[in-house]
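Examining the three-dimensional arrangement
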Amino acid sequence: QVQLVESGGGLVQPGGSLRLSCVHSGSPFSLYRLGWYRQSPGKERELVAVISSDGSANYADSVKGRFTISRDNAKRTVPLQMNSLRPEDTAVYYCYANRLVDDYVYWGQGTQVTVSS
């Protein structure tokens, strides 16, 4: 079974940075496409970033150039580096793991990111 645990959320001022991390355990790391969603109260869930097994990444237009997703295969983690943060980035961020063989999706429990002065 797959378990995903997010960490690194918190309060940061506009223009600041945070680094989120998702620990993937229980199944082979390389068999999943990995990424991050976010959701704010009253808003639709938004795909923030996704990274495939070959390391190629895609980003939402709203975070492109500011956020960087990667995957550390040795540590089995999915970091999301968030720079130049804006108040509109405030949300609960959820890690997900998309199993390639059958397209099944696992979800983490979420970590709160608040950008405020």
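Everything below is about the structure printed above this text.
Model, not experiment: these values are computed from the prediction.

1. Digging into the state of the cysteines
- Counted by the stated rule, this structure contains one disulfide.
- Two residues, cysteine 22 and cysteine 95, share a disulfide whose sulfurs are 2.1 Å apart. Taking the torsion about the S-S bond as the criterion, the cysteine 22 to cysteine 95 disulfide, at about -80°, is left-handed. Residue cysteine 22 is found in strand S3 (residues 18–25), and its partner cysteine 95 is found in strand S9 (residues 91–99); the two are separated by 73 residues along the sequence.

2. Comments concerning unusual backbone geometry
- If you check the backbone angles, arginine 76 has positive phi at about 55° while not being a glycine.
- Locating arginine 76 in the fold gives a position in the loop between strand S7 (67–69) and strand S8 (80–82).
- Taking relative accessible area as the criterion, arginine 76 reaches 24% and is therefore assigned partly exposed.
- For aspartate 103, which is not a glycine, the phi torsion comes out positive at approximately 65°.
- With respect to the helices and strands, the residue aspartate 103 is situated in the loop between S9 and strand S10 (105–107).
- Judged by relative accessible area, which is 54%, aspartate 103 ranks as exposed.

3. Points about the packing of aromatic side chains
- Summed over the entire model, instances satisfying the criterion amount to five aromatic pairs.
- Look at tyrosine 37 and tryptophan 107: their rings are 5.2 Å apart centre to centre, the planes differ by 55°, and that puts the pair in the tilted class. Residue tyrosine 37 is located in strand S4 (residues 32–39), and its partner tryptophan 107 is located in strand S10; the two are separated by 70 residues in the primary sequence.
- Judged by its relative accessible area of 19%, tyrosine 37 is buried.

4. Comments concerning the nonpolar core
- Membership of the largest hydrophobic core comes to 28 residues, with the highest contact counts inside it found for Trp36, Val48, Phe67, Val78, Leu80, Met82 and Tyr93.
- Mapped onto this core, the elements with two or more residues apiece are S3, S4, strand S5 (46–51), S7, S8, S9 and strand S11 (111–115).
- Among residues more than four places away in sequence, those in contact with valine 48 are Trp36, Tyr37, Arg38, Asn58, Tyr59, Ala60, Val63, Phe67, Leu80 and Tyr93.

5. As for the pattern of salt bridges
- Enumeration over the complete set of coordinates arrives at five salt bridges.
- Note that arginine 38 is salt-bridged to aspartate 89, the shortest N-O span being 2.9 Å. In this pair, arginine 38 is assigned in strand S4 and aspartate 89 in the loop between S8 and S9, connecting sequence segments 51 residues apart.
- The shortest N-O distance in the salt bridge between lysine 64 and aspartate 61 comes to 3.3 Å. Each member of the pair lysine 64 and aspartate 61 is classed as exposed.
- Here the salt bridges share partners, and the residues they tie into one network are Arg38, Glu46, Arg66 and Asp89.

How each quantity is defined
Residues numbered from 1 in each chain as written. Predicted model: local features only at pLDDT ≥ 70, side-chain atom pairs only at ≥ 80, totals over all residues. Heavy atoms only, no water. Disulfide = S-S within 2.5 Å. Helix = DSSP H or I, 4+ residues; strand = E, 2+ residues; numbered from the N terminus. Buried < 20%, exposed > 50% of the residue type's maximum accessible area, 1.4 Å probe, protein only. Phe/Tyr/Trp six-rings, centres within 6.5 Å; stacked < 30°, edge-to-face > 60°. Core = buried A, V, L, I, M, F, W, Y, C linked by side-chain atoms within 4.5 Å. Contact = heavy atoms within 4.5 Å. Salt bridge = Lys/Arg side-chain N within 4 Å of Asp/Glu carboxyl O.

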